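This is what each chain is made of:
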Amino acid sequence: MALAVTNSNISPRKLRDDLYFYSYQQDSNIPLVISVLASLIERNLARNQRIAKNCTWALSKNVRTRVFDCHETPDMTIQSYLERIFRYTRAGPSVYVVAYVYIDRFCQLYPEFRISPRNVHRLLITTIMVASKYVEDMNYRNSYFARVGGLTTNEMNKLEMEFIFMMGFKFHVNVSVFESYCCHLEREVSIGGGYEIERTIRCAEEIKSKQREERRCSQITRVLL
């Protein structure tokens, strides 16, 4: 399952523009990186589910990584969950890239860990909150992130503490590492195969085009008056 962008007006460059020149306005559109990240996580999730179905030994036996498991699987897609986090926290595109770096590092540190429907939402809200604290100058409190993520404040605090210690406090992301992960996301947009990202990005482009047209009409109206 791959990502595809067949429209000539849609390219990895647009993703890069969003990552580096995103406009932090209250009514800003959802960054393209969210759709790309959701696609990557969903693909990883699908692969892990296939493995778990055929190999019972593939389930994580590390008690520490089970801290992200929830009793009931949230009835919300990864795309919707990431959009909810953005809508209420306004965390910039770079935060999601850094969160992706953290998830990748975590999976490398704990190779027996598998992203699953039971742990993916908690893993996302935790990594995004930690990444936001690393990237952004101002942040919401843990209690606010907890409400956004559908957790209690105590649960959010515990997840953050466990994650910090499990990562060995290694949260620095230098420019070259950040750039390499941005390039990886760009490649995901450019490879063929057909996926929902194409429709998502095209809709975003149509919305932006419509907004530009509305602003142009408004300016013409003001001139005529």
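As the structure is a prediction and not an experimental result, all values here were calculated from the model.

A. Structural detail: the overall build of the protein. Of regular secondary structure, the protein possesses 9 helices and 0 strands. Of the regular secondary structure in the protein, the N- to C-terminal order runs α-α-α-α-α-α-α-α-α. When each of the 225 residues of the protein is scored for burial, the buried share is 43%. If you take every contact in the protein between residues at least 6 apart in sequence, the share linking residues at least 24 apart comes to 83%.

B. The arrangement of the state of the cysteines in detail. Summed over the entire model, instances satisfying the criterion amount to 0 disulfides. The thiol of Cys182 is not disulfide-bonded; the next cysteine sulfur, from Cys183, is found 7.0 Å away.

C. A look at a nonpolar patch on the surface. Residues Met161, Phe165 and Phe169 make up a contiguous nonpolar surface patch of roughly 350 Å² in combined accessible area. With respect to the helices and strands, the residue Phe165 is situated in helix α7 (residues 153-166). Among the residues examined, Phe165 registers a relative accessible area of 48% and is labelled partly exposed.

D. Highlighting the environment of Val97. Position of Val97 among the secondary structure elements: in helix α4 (residues 93-109). What makes Val97 buried here is its relative accessible area of 0%. Along the chain, Val97 and Ile128 lie 31 residues apart, while their C-alpha atoms are 9.1 Å from each other. Apart from residues lying up to four places away in sequence, Val97 is in contact with Leu19, Val33, Phe178, Tyr181, Cys182 and Leu185.

E. Expanded view of the environment of Ala99. Tracing the chain through its elements places Ala99 in helix α4. With relative accessibility at 2%, the residue Ala99 sits in the buried group. Residues Ala99 and Ala131, 32 residues apart in the sequence, show an inter-C-alpha distance of 5.4 Å. When sequence neighbours within four positions are dropped, the list of residues in contact with Ala99 reads Thr127, Ile128 and Ala131.

F. Broad picture of the side chain of Ser94. Relative to the assigned elements, Ser94 resides in helix α4. With a relative accessible area of 17%, Ser94 lands in the buried category. Once you skip the residues sitting within four places of it in the chain, Ser94 turns out to touch Val135 and Phe178.

G. Region of interest: the nonpolar core. Counting residues in hydrophobic clusters, the biggest one holds 57 residues, and the most contacted among them are Leu82, Tyr96, Tyr102 and Phe106. Where this core is concerned, the elements lending two or more residues are α1 (12-21), α2 (32-54), α3 (78-89), α4, α5 (120-135), α6 (142-149), α7 and α8 (175-190). Element by element, the count of residues in this core is highest for α4, at 10 residues. Filtering out sequence-adjacent residues up to four positions away, Leu82 remains in contact with Ile34, Leu37, Ala38, Tyr96, Leu124 and Ile128.

H. Structural view of α3. Taking 1.5 Å per residue, 12 residues should reach 16 Å; α3 reaches 16 Å between its end C-alpha atoms and fits that length. If you check which residues of α3 are buried, you get Ile78, Gln79, Tyr81, Leu82, Ile85, Phe86 and Thr89. Arg90 lies just past α3 and shows a positive phi near 55°.

I. Structural context of the packing of α3 against α6. Viewed as axis vectors pointing N to C, α3 and α6 meet at an angle of 140°, and their least axial separation amounts to 9 Å. Overall, the two elements α3 and α6 adopt an arrangement that is oblique. Crossing of α3 against α6: the hand is right-handed. Contacts from Tyr81, Arg84, Ile85, Tyr88 and Thr89 of α3 reach α6 at Tyr144, Phe145, Arg147, Val148 and Gly149. Its residues assigned to classes, the contact of α3 with α6 shows 6 nonpolar, 2 polar and 2 charged.

J. Region of interest: the pattern of salt bridges. Within the structure shown, the criterion is met by 2 salt bridges. For the salt bridge of Arg122 with Glu155, the shortest nitrogen-to-oxygen distance reads 3.3 Å. Taken together, the positions of Arg122 in helix α5 and Glu155 in helix α7 put the pair 33 residues apart, joining distant regions of the chain. Classification of Arg122 as buried rests on a relative accessible area of 15%.

Rules used throughout
Each chain has its residues counted from 1, running along the sequence as written. Only residues with pLDDT of at least 70 are given local features in this predicted model, and only at 80 or more are side-chain atom pairs given and counted; all residues enter the totals for whole chains, interfaces and linings. Heavy atoms throughout the structure, all of them, feed into the side-chain values; hydrogens and water do not. Working definition: helices are DSSP H or I runs of at least four residues, strands are E runs of at least two. Numbering for both runs from the N terminus. The rule is simple: take the accessible area with a 1.4 Å probe, protein chains only, and divide by the maximum for that residue type; under 20% is buried, over 50% is exposed, in between is partly exposed. For this analysis, residues touch if any pair of their heavy atoms sits within 4.5 Å. Here, the term disulfide refers to a pair of cysteine sulfur atoms separated by no more than 2.5 Å. Each patch is assembled from residues with relative accessible area greater than 30% and no salt bridge, linking like charges that lie within 9 Å and nonpolar side chains (Val, Leu, Ile, Met, Phe, Trp, Tyr) that lie within 5 Å. Using a 1.4 Å probe, the Shrake-Rupley method yields the accessible areas, and only the shown protein chains count as cover for residues. The working definition used for a salt bridge is a side-chain nitrogen of Lys or Arg within 4 Å of a carboxyl oxygen of Asp or Glu. We define the nonpolar core as a collection of buried residues of types Ala, Val, Leu, Ile, Met, Phe, Trp, Tyr and Cys that are connected through side-chain atoms lying within 4.5 Å of one another. The span you would expect from a helix comes to 1.5 Å times its residue count less one. Between N-to-C directions, angles span 0 to 180 degrees; the directions come from axes that are lines fitted to C-alpha atoms, helices contributing only their stretch in contact. Angle categories: roughly parallel below 35 degrees, roughly antiparallel above 145, roughly perpendicular from 65 to 115, and oblique for all the rest. Helix crossings are classified by the rotation of the near helix relative to the far one: an anticlockwise turn of less than a right angle makes the crossing left-handed, while a clockwise turn makes it right-handed. Any residue outside Ala, Val, Leu, Ile, Met, Phe, Trp, Tyr, Cys, Pro, Asp, Glu, Lys and Arg is labelled polar, Gly included; the first ten of those are nonpolar and the last four are charged.

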